[in-house]
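# Chains, contacts and geometry: an overview
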Amino acid sequence: MYQPLADEIRPTELDEVYGQEHILGKDGMLRRIIASGNVPNLIFYGPSGTGKTTVANIIADKTQRRLFKLNATTASTADIKAIVSELDTLLAPNGVLLYLDEIQSFNKKQQQTLLEFIENGKITLIASTTENPYFYVFNAILSRSTVFEFKQITPQAALQAVERAVRYMEHKLQVKVQAEPGALQHIATACGGDIRKAINAVEVLFAATPARDGTVCLSVQDAAAVTQRSAMRYDRDGDAHFDCLSAFMKSLRGSDPDAALHYLARLLEAGDLPGACRRLLCSASEDIGLAYPQAVPIVKACVDSALQLGLPEARLPLAEAAIFLATCPKSNSGVMAIDAALKDVRAGKAGEFPRHLQNVHADGTGFEREQGYLYPHDFPGHWVSQQYLPDNLKDVTYYYYGDNKYEQACRQFWDAVKKP
């Protein structure tokens, strides 16, 4: 019966789990917990292919508990009850270890079904999720569990797994392996931090490369062929979506055109044209703002052009917009001003409209002048001193000129007009 290579060589010891030294290293907290034998309810959070299922298997073996596996995307409450029915039987004398994959797919009622058995210790829950558990797992489960984050695998850690897989295949097939320089490194890099993908690529590579005179030659070209596009890790409904958008926006704000282009490329490669456009439009007002007000119409023109062109041509105006915003002068004075005003409004600091600003439904008749309103265009410089804010806020300042050329020029102009 066929068994995938990734399962065939799944680690049975913690030292064989690569890339999670922060929790499984010599002094790692999770390693020490497993060594104690007193394993609490756990939630493993991290990308796929980082060792979550493997560690659950090792825990079951070390604690001599029967392991049940459920996937929350297909499991039901009946599946949980079926596991509960085996408690206190000869089949599970030490209780059971339930590995629940993708726990975020369980609704509140399903998660609550677990609580009674989690609390009495008969079921030790190890739940895994690729999404942030503090957003997707209910508090009742979180409060009874310890969360460990599994990091995305680095190329260096993935290379260890790739080399281990190659050694295993070399021994299994009784052949000698010659890998071109860079071939294994390419697989380790292109797997996108997913060891399962990396090992699957090794398996495909061996299947496609017959031995000649007892030697299997692994080429860089073949390695590239079996790993094409596999490095993309992007889910429009998951954390990666929001992380990529956040990194894109912050790179624009941080005036790093290279990073901005990198994250834009990731968004476009995933087909997320609307997300890229929205971030660019937002950055034009939020990060460039009044330092260069023309950024808004310029970026809007680029976005309109991109949406009309569609991918792949849309990359051209969007790349221009990204480089333009990343290299523009920056000012958040507008953001700070409106947020300060909103804070006062939300705090109830409103007050009555000054009488001379009220609409008396007689605009243009001259009657509004009887309220004491001074028409700025009737005065030199098109400005006259009068109160516009409500009485309880009349001395408040929300907007402070930014230290860029444009806003300082505006400040100097109005200082001259408004001087006593």
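Residues numbered from 1 in each chain as written. Predicted model: local features only at pLDDT ≥ 70, side-chain atom pairs only at ≥ 80, totals over all residues. Heavy atoms only, no water.

## Some remarks on the overall build of the chain
Definition in use: In this text, helices come from DSSP runs of H or I with a minimum length of four residues, and strands from runs of E with a minimum of two, each type numbered from the N-terminal end. We take the radius of gyration over the C-alpha atoms and set the globule estimate at 2.2 Å times the residue count to the 0.38 power. To sort residues, take the accessible area from a 1.4 Å probe on protein chains only and compare it with the maximum for the residue type: under 20% means buried, over 50% means exposed, and anything in between is partly exposed. Whether two residues are in contact is decided by their heavy atoms, any of which lying within 4.5 Å being enough. Note on areas: Shrake-Rupley with a 1.4 Å probe; residue coverage comes only from the protein chains shown. Under the counting rule used here, the positive set is Lys and Arg, the negative set is Asp and Glu, and His together with the chain ends is not counted. Every charge is mapped to an atom, namely NZ of Lys, CZ of Arg, CG of Asp or CD of Glu.
Of the regular secondary structure elements, the chain holds 19 helices and seven strands. At 31 Å, the chain has a C-alpha radius of gyration far larger than the 22 Å of a compact globule built from 420 residues. Counting only C-alpha atoms, the chain reaches 95 × 60 × 40 Å along its principal axes. Among the 420 residues that make up the chain, the fraction classed as buried is 42%. The long-range share in the chain, meaning contacts at least 24 apart out of those at least 6 apart in sequence, stands at 75%. Surface exposure of the chain reaches about 23300 Å², of which carbon and sulfur atoms provide 53%. Here the chain contributes 43 positive and 49 negative side-chain charges, whose respective centroids are spaced 3 Å apart.

## Considering the nonpolar core
Quick note on the threshold: For the purposes of this section, nonpolar cores are sets of buried Ala, Val, Leu, Ile, Met, Phe, Trp, Tyr and Cys residues that join through side-chain atoms within 4.5 Å.
Formed by 30 residues in total, the largest nonpolar core has its most connected members in Val162, Val166, Ile187, Val202, Phe206 and Leu218. Mapped by element, the contributors of at least two residues to this core are helix H1 (5-8), helix H9 (155-173), helix H10 (183-190), helix H11 (195-207) and strand E7 (215-218). A per-element tally of this core places H9 first, with eight residues. Those residues in contact with phenylalanine 206, other than ones at most four positions away along the chain, are Val166, Met169, Leu173, Val177, Val216 and Leu218.

## Details of the pattern of salt bridges
Let me state the cut-off plainly: The working definition used for a salt bridge is a side-chain nitrogen of Lys or Arg within 4 Å of a carboxyl oxygen of Asp or Glu.
A complete count under the given rule lists 11 salt bridges for this structure. The partner of lysine 349 in a salt bridge is aspartate 344, and the shortest N-O contact between them spans 3.8 Å. Between aspartate 415 and arginine 411 there is a salt bridge, and its shortest N-O distance comes to 2.8 Å. Of the two residues, aspartate 415 and arginine 411 are both situated in helix H19 (residues 405-418); the distance of four residues between them amounts to about one turn of the helix. By relative accessible area, aspartate 415 is classed as partly exposed at 42%. Overlapping salt bridges, with partners in common, bring together Arg253, Glu286 and Asp287 in one network.

## Describing the side chain of asparagine 41
Rules: N or O atoms within 3.5 Å of each other form a polar contact, as long as, within protein, one can give a hydrogen and the other can take it, and as long as residues adjacent in sequence are counted only when both atoms are side-chain atoms.
Residue placement: asparagine 41 occurs in the loop between helix H3 (29-36) and strand E1 (42-45). At 3.3 Å, the side chain of asparagine 41 and the backbone oxygen of arginine 144 are in polar contact.

## Some words on the packing of aromatic side chains
As a reminder of what qualifies: In this analysis, rings of Phe, Tyr and Trp, with Trp reduced to its six-membered ring, are considered paired at centre separations within 6.5 Å, and the interplanar angle assigns stacked below 30 degrees, edge-to-face beyond 60, and tilted for intermediate values.
Here the structure, examined in full by the defined rule, presents four aromatic pairs. An angle of 70 degrees between the planes, with centres 4.9 Å apart, marks the rings of tyrosine 399 and tyrosine 401 as edge-to-face. Tyrosine 401 sits in the partly exposed class, given a relative accessible area of 33%.

## Some details on unusual backbone geometry
Note the cis peptide between leucine 311 and proline 312, where omega equals 10 degrees. If you check the backbone angles, glutamate 102 has positive phi at about 55 degrees while not being a glycine. Position of glutamate 102 relative to the elements: it lies in the loop between strand E3 (96-101) and helix H6 (108-119). We classify glutamate 102 as buried; its relative accessible area is 17%. Phi is positive for histidine 382, close to 60 degrees, though the residue is something other than glycine.

## Topic: the packing of helix H16 (residues 295-309) against helix H17 (residues 315-327)
Rules: Throughout, an axis means a line fitted to C-alpha atoms (over the contacting stretch in the case of helices), and angles, computed between N-to-C directions, take values from 0 to 180 degrees. Any angle that is under 35 degrees is reported as roughly parallel, and any over 145 degrees as roughly antiparallel; angles of 65 to 115 degrees are reported as roughly perpendicular and all others as oblique. Left-handed describes a crossing whose near helix is turned anticlockwise from the far helix by less than a right angle; the clockwise case is right-handed. Each residue gets one label: Ala, Val, Leu, Ile, Met, Phe, Trp, Tyr, Cys and Pro are nonpolar, Asp, Glu, Lys and Arg are charged, and the others, such as Gly, are polar.
Two elements in contact, H16 and H17, have axes separated by 8 Å at closest approach and are oriented at 160 degrees. Taken together, the axes of H16 and H17 are roughly antiparallel relative to one another. Relative to H17, H16 is oriented so that their crossing is left-handed. For the pair H16 and H17, contact is made by Ala295, Ile298, Val299, Cys302, Val303, Ser305, Ala306 and Leu309 and by Pro317, Leu318, Ala321, Phe324 and Leu325, respectively. Of the residues in the contact of H16 with H17, the class split is 12 nonpolar, one polar and no charged.

## Examining a nonpolar patch on the surface
Let me state the cut-off plainly: A patch consists of residues whose relative accessible area exceeds 30% and which take part in no salt bridge; residues with like charges are grouped when within 9 Å of each other, and nonpolar side chains (Val, Leu, Ile, Met, Phe, Trp, Tyr) when within 5 Å.
Taken together, the side chains of Tyr134, Phe135 and Tyr136 make up a nonpolar region of the molecular surface, amounting to roughly 390 Å² of accessible area. Tracing the sequence through the fold places tyrosine 134 in helix H7 (residues 133-136). Overall, the relative accessible area of 56% leaves tyrosine 134 in the exposed class.

## Notes on the packing of H9 against H10
In helix packing, the relevant descriptors are the interaxial angle and the interaxial distance, both defined with respect to the helix axes. With their axes 8 Å apart at the nearest point, H9 and H10 run at an angle of 125 degrees to one another. Compared by their axis directions, H9 and H10 come out oblique. H10 is crossed by H9, and the crossing has right-handed handedness. In this structure, H9 contributes Pro155, Ala158, Leu159, Val162, Glu163 and Val166 to the contact, and H10 contributes Leu184, Gln185, Ile187, Ala188 and Thr189.

## Concerning H11
Stated precisely, the cut-off is as follows: What a helix should span is 1.5 Å times the count of its residues minus one.
Taking 1.5 Å per residue, 13 residues should reach 18 Å; H11 reaches 18 Å between its end C-alpha atoms and fits that length. Along H11, the residues classified as buried are Ile195, Ala198, Ile199, Ala201, Val202, Glu203, Leu205 and Phe206. Its side-chain oxygen placed 2.9 Å from the backbone nitrogen of arginine 196, aspartate 194 serves as the N-cap of H11.

## A closer look at the environment of threonine 77
Tracing the backbone shows threonine 77 in helix H5 (residues 77-84). In sequence terms threonine 77 and isoleucine 23 are 54 residues apart; their C-alpha atoms lie 32 Å from each other. Those residues within four positions of threonine 77 in sequence are excluded, and the remaining contacts are Gln110 and Thr113.

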